[in-house]
Amino acid sequence: MKEGMFHHIVPIQIRFNDIDKLEHVNNSVYQQFYDLGKVAYFDEVLGEHMDWSIEGLVLASISIEFLIPIKLHDRIEVRSKVCEIGNKSLKLKQEIVNLTTGQVSSTSKSIMVNFSNKKGHTVPIPQKWRDRIIDYEKDLTF
């Protein structure tokens, strides 16, 4: 398997209100697209919905590169991949691919930490989550 390959893909519907005066998806909307990819990724890979009232992975840091504008009628998808996992945190890579043009429109790197809402601080990632992510990705670094 090629290192860095994305196994998780979510198609995204572009809405009219995502478009700005320049007639492309506004930069602020990209984070929403990435969030849709994150939730779908963890729901599928972990096989359960996180209950953030108890604990769950939360965003600690994010960077987004805007490479090529996306237009209203473009077909796009978000690709997501956990590329590194630690004790309490993990690194996630994502990209938005424009299927209409065949180009990567944006890339994102984020750090997510497991946070206990009950305790009010970070906690270790549960072993069953770690095992499921490792099994799904196959090429993680530690």
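All figures in this text were calculated on a predicted structure; none of them were measured in a lab.

## Some words on unusual backbone geometry
With a phi close to 70°, Glu23 is a non-glycine residue in the positive phi region. In this structure, Glu23 sits in the loop between strand S1 (8–12) and helix H1 (27–46). In this structure Glu23 comes out as exposed when scored by relative accessible area, which is 56%. A positive phi angle, near 70°, is found at Lys138, a position not held by glycine.

## A word on H1
For H1, which comprises 20 residues, the first-to-last C-alpha distance of 29 Å matches the rise-based estimate of 28 Å (1.5 Å per residue) to within 8%. Where H1 is buried, its residues touch S1, strand S2 (55–66), strand S3 (76–85), strand S4 (89–98), strand S5 (103–116) and helix H2 (127–137). Gly47, located one to two residues past H1, shows a positive phi value of around 70°.

## With respect to the pairing of S4
When you tally the buried positions in S4, you get seven out of ten residues, the bulk of the element. Taken together, the nine bridges between S3 and S4 define a ladder with antiparallel strand orientation. Paired with Val82 across the two strands is Leu92, which belongs to S4. Where S3 hands over to S4, the hairpin turn is made up of three residues, counted between the paired strands. Here ten bridges tie S4 to S5, and the two strands are oriented antiparallel to one another. By the bridge assignment, Leu90 is partnered in S5 with Met112. Taking the residues between adjacent antiparallel strands as the criterion, S4 and S5 are bridged by four residues, where Gly102 takes a positive phi near 80°.

## A look at the pairing of S5
Where S2 meets S5, eleven bridges bridge the pair, whose relative direction is antiparallel. Across the sheet, residue Leu59 finds its bridge partner in S5, namely Met112. Looking at chain direction, S5 and strand S6 (residues 121–122) are connected through two bridges and run antiparallel. Bridging from a neighbouring strand, Phe115 pairs with Thr122 of S6. Two successive antiparallel strands, S5 and S6, enclose a turn made up of four residues, where Gly120 displays a positive phi of approximately 80°.

## Some details on the nonpolar core
Core analysis: the largest hydrophobic core is formed by 15 residues, its most contacted members being Phe42, Leu57, Val82, Leu90 and Ile133. Every element with two or more residues in this core is listed here: H1, S3, S4 and H2. Ranked by residues supplied to this core, first place goes to H1 with four residues. Discounting chain neighbours no more than four positions away, the residues touching Phe42 are Gly47, Glu48, Met50, Leu57, Val82, Leu90, Met112 and Ile133.

## A look at the pattern of salt bridges
Scanning all chains against the criterion turns up ten salt bridges. Residue Arg79 is joined to Glu77 by a salt bridge in which the shortest nitrogen-to-oxygen separation is 2.6 Å. The network of salt bridges with common partners includes Glu48, Lys128 and Arg132.

## Some details on the packing of aromatic side chains
Enumeration over the complete set of coordinates arrives at four aromatic pairs. Relative to Phe66, the ring of Tyr30 lies with its centre 4.9 Å away and its plane at 85°, an arrangement referred to as edge-to-face. Separated by 36 residues along the polypeptide, Tyr30 in helix H1 and Phe66 in strand S2 bring together distant segments of the chain. With a centroid separation of 5.8 Å and an interplanar angle of 90°, the aromatic rings of Tyr41 and Tyr136 are classed as edge-to-face. With Tyr41 in helix H1 and Tyr136 in helix H2, this residue pair connects regions lying 95 residues apart in the sequence. Overall, the relative accessible area of 22% leaves Tyr136 in the partly exposed class. An aromatic cluster is present here, built from Tyr30, Phe33 and Phe66 joined pairwise through their rings.

Reading the values: the criteria
Residues numbered from 1 in each chain as written. Predicted model: local features only at pLDDT ≥ 70, side-chain atom pairs only at ≥ 80, totals over all residues. Heavy atoms only, no water. Helix = DSSP H or I, 4+ residues; strand = E, 2+ residues; numbered from the N terminus. Buried < 20%, exposed > 50% of the residue type's maximum accessible area, 1.4 Å probe, protein only. Expected span 1.5 Å × (residues − 1). Contact = heavy atoms within 4.5 Å. Pairing = 2+ DSSP bridges. Core = buried A, V, L, I, M, F, W, Y, C linked by side-chain atoms within 4.5 Å. Salt bridge = Lys/Arg side-chain N within 4 Å of Asp/Glu carboxyl O. Phe/Tyr/Trp six-rings, centres within 6.5 Å; stacked < 30°, edge-to-face > 60°.

Treat this as a map of the structure, not an account of what it does.
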